Amino acid sequence: MSELIAQSGGAAPMLAIFTDFDGTLVEIAETPDAVDVPADLADQLERTARDFNHAFAVITGREIADIDRFLSPLHLPVAGAHGAQRRRADGTLLELDANISGAAQAIADALRPLLEEHPELILEPKDGAVALHFRQAPELEEDCLLAMQAAIGTHPEFTLVPGKMVLEARPAGIDKGSALKAYMQEEPFAGRTPIFIGDDTTDEDAFRAAQDLGGIGIKLGPGKTIARMRIADVASVYALLEGLTQIVAQPHATANLADESPILADTTAH
Ligand SMILES: O=P(O)(O)OC[C@H]1O[C@H](O[C@H]2O[C@H](CO)[C@@H](O)[C@H](O)[C@H]2O)[C@H](O)[C@@H](O)[C@@H]1O
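Here the structure is a predicted model, which is why all the values come from computation and not from measurement.

Cut-offs and rules
Residues numbered from 1 in each chain as written. Predicted model: local features only at pLDDT ≥ 70, side-chain atom pairs only at ≥ 80, totals over all residues. Core = buried A, V, L, I, M, F, W, Y, C linked by C-beta atoms within 7 Å. Buried ≥ 20, exposed ≤ 12 C-beta atoms within 10 Å, placed from the backbone. Contact = placed C-beta atoms within 7 Å. Pairing = 2+ DSSP bridges. Helix = DSSP H or I, 4+ residues; strand = E, 2+ residues; numbered from the N terminus. Axes fitted to C-alpha atoms, helices over the stretch in contact; angles between N-to-C directions. Right-handed = clockwise from strand over helix to strand, strands pointing away. Near = placed C-beta within 6 Å. Nonpolar A, V, L, I, M, F, W, Y, C, P; charged D, E, K, R; others polar. Domains from an automatic or database assignment. Left-handed = near helix turned anticlockwise from the far one by under 90°.

### Describing the nonpolar core
Inside soluble globular proteins, nonpolar side chains tend to come together where they are buried. Counting residues in each nonpolar core, the largest one holds 42 residues, and the members touching the most others are Ile17, Phe18, Ala57, Leu180 and Ile195. Filtering out sequence-adjacent residues up to four positions away, isoleucine 17 remains in contact with Thr48, Phe52, Ala55, Phe56, Ile195 and Leu244. Listed in part, the 24 residues of the second largest apolar core include Ile100, Leu121, Ala129 and Cys144.

Okay, structure coming up:
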């Protein structure tokens, strides 16, 4: 962060903030519906969005509707289903290709027999993607992988991506990085320096995209990453968002805060 401040001649850099949702803004839970969303999270994110001139978006594997429900009544710019769905900052929703929607539905349908056999698995069909969760039955990971590969087999426009106790089918060529780059072409993101915070393998594309554009990827938790910085946990993300807000409000105080902050570590130090 001090590097960004140095780049901007000691003044607070104009940032565009992007975050993942599960594992970054909320702790991972046993099932997708069981996430515990802090009562004040929507208020905090609204404050952050306002302080960055609304250059704040969530880029997630979830559907946009899920994020709206969890953060109600806040409606942020959200890229959902790993970028297959996207709502701009002005509220317009990009229309999803009907072939992509249809293929995602067909992939979900092809997985249903496995779900009938193993009701402990969770199928999460989305408009534009499909998630097959095996958190309740880790021993079925290989069966899930084979079933997913078979289901995707007849849909070469989709690709298989692993996540946290989940296997996902998402359109090939669309990922969190392409979503971040699309936002960076638009107001109010354009001309700012992107920061992306995420915890999962599917976040690597967005770390790369942010860094290609002169920004910073911040990886939450351990693990190999392309991100240049690391943050420990969800609580630290909340603290960082508050800290970033201070960067804009008090550039001089924040330059010190960034240099001395224990919140961020350089990934090359691990
Ligand atoms: O990109 P994200 O916002 O991190 O979303 C990734 C996936 O998150 C959800 O699944 C994960 O979180 C669940 C709740 O904590 C957990 O039970 C599951 O094991 C995780 O894989 C979500 O359900 C998926 O749709 C997202 O793609």
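### Structural notes on the sheet that holds strand S5 (residues 122-126)
Strand order in the open sheet formed by four strands is S5-S6-S8-S7, with antiparallel pairing between adjacent strands. Looking along the sheet, the strands with just one partner apiece sit at the ends: S5 and strand S7 (158-163). Neighbour-to-neighbour, the strand axes of this sheet turn through a mean angle of 15 degrees, independent of strand direction. Judged from the six bridges that link them, S7 and strand S8 (residues 166-171) form a sheet pairing that is antiparallel.

### Let's talk about the pairing of strand S10 (residues 216-220)
The element S10 is largely enclosed, with a buried count of five among its five residues. Burial along S10 is two-sided: the face carrying Ile216, Ile218 and Leu220 and the face carrying Gly217 and Lys219 are both buried. In this structure, strand S9 (residues 193-198) lies alongside S10, joined through four bridges in parallel fashion. In the strand pairing of S10, glycine 198 is matched with lysine 219. For the segment spanning S9, helix H7 (residues 204-212) and S10, crossover handedness is right-handed. Both S10 and strand S11 (residues 229-231) contribute to a ladder of three bridges, which runs parallel. Paired with lysine 219 across the bridge in S11 is arginine 230.

### A look at the site of the ligand
In the region of the ligand, 24 residues are neighbours, and Phe21, Asp22, Pro32, Thr60 and Gly61 sit closest. Residues of the shell around the ligand, tallied by class, amount to eight nonpolar, seven polar and nine charged.

### Topic: the environment of isoleucine 67
Within the fold, isoleucine 67 resides in helix H3 (residues 64-70). Distance in space between the C-alpha atoms of isoleucine 67 and aspartate 200 is 17 Å, their sequence separation being 133 residues.

### Observations concerning the sheet that holds strand S12 (residues 264-266)
The mixed open sheet is built from eight strands, whose spatial order is S4-S3-S2-S1-S9-S10-S11-S12. Looking along the sheet, the strands with just one partner apiece sit at the ends: strand S4 (85-87) and S12. With direction set aside, neighbouring strand axes in the sheet form an average angle of 20 degrees. Of the strand pairs in this sheet, strand S1 (residues 15-19) and strand S2 (residues 56-59) are connected by three bridges, and their pairing is parallel. Bridge pairing in S2 places phenylalanine 18 opposite alanine 57.

### Some details on the domain arrangement of the protein
Domain assignment breaks the protein into domain 1 (2-94 + 174-269) and domain 2 (98-171). Counting from both sides, the interface comprises 15 residues of domain 1 and, opposite them, 17 residues of domain 2. Among the residues making up the side of domain 1 that touches domain 2, the classes are represented as five nonpolar, seven polar and three charged.

### Some remarks on the packing of helix H6 (residues 176-184) against H7
In a packed pair of helices, the relevant descriptors are the angle between the two axes and the axis-to-axis distance. As a packed pair, H6 and H7 sit with axes 6 Å apart at the nearest point and diverge in direction by 35 degrees. Between H6 and H7 lies a crossing whose hand is right-handed. For the pair formed by H6 and H7, the contact residues are Lys176, Gly177, Leu180 and Lys181 on the first element and Asp205, Ala206, Arg208, Ala209 and Ala210 on the second. Of the residues assigned to the contact of H6 with H7, the class counts are four nonpolar, one polar and four charged.

### What about the environment of proline 125?
Summarising the element assignment, proline 125 is placed in strand S5. Sequence spacing of proline 125 and glutamine 105 is 20 residues, and the spatial spacing of their C-alpha atoms is 7.1 Å. When sequence neighbours within four positions are dropped, the list of residues in contact with proline 125 reads Ala104, Gln105, Ala108 and Val130.

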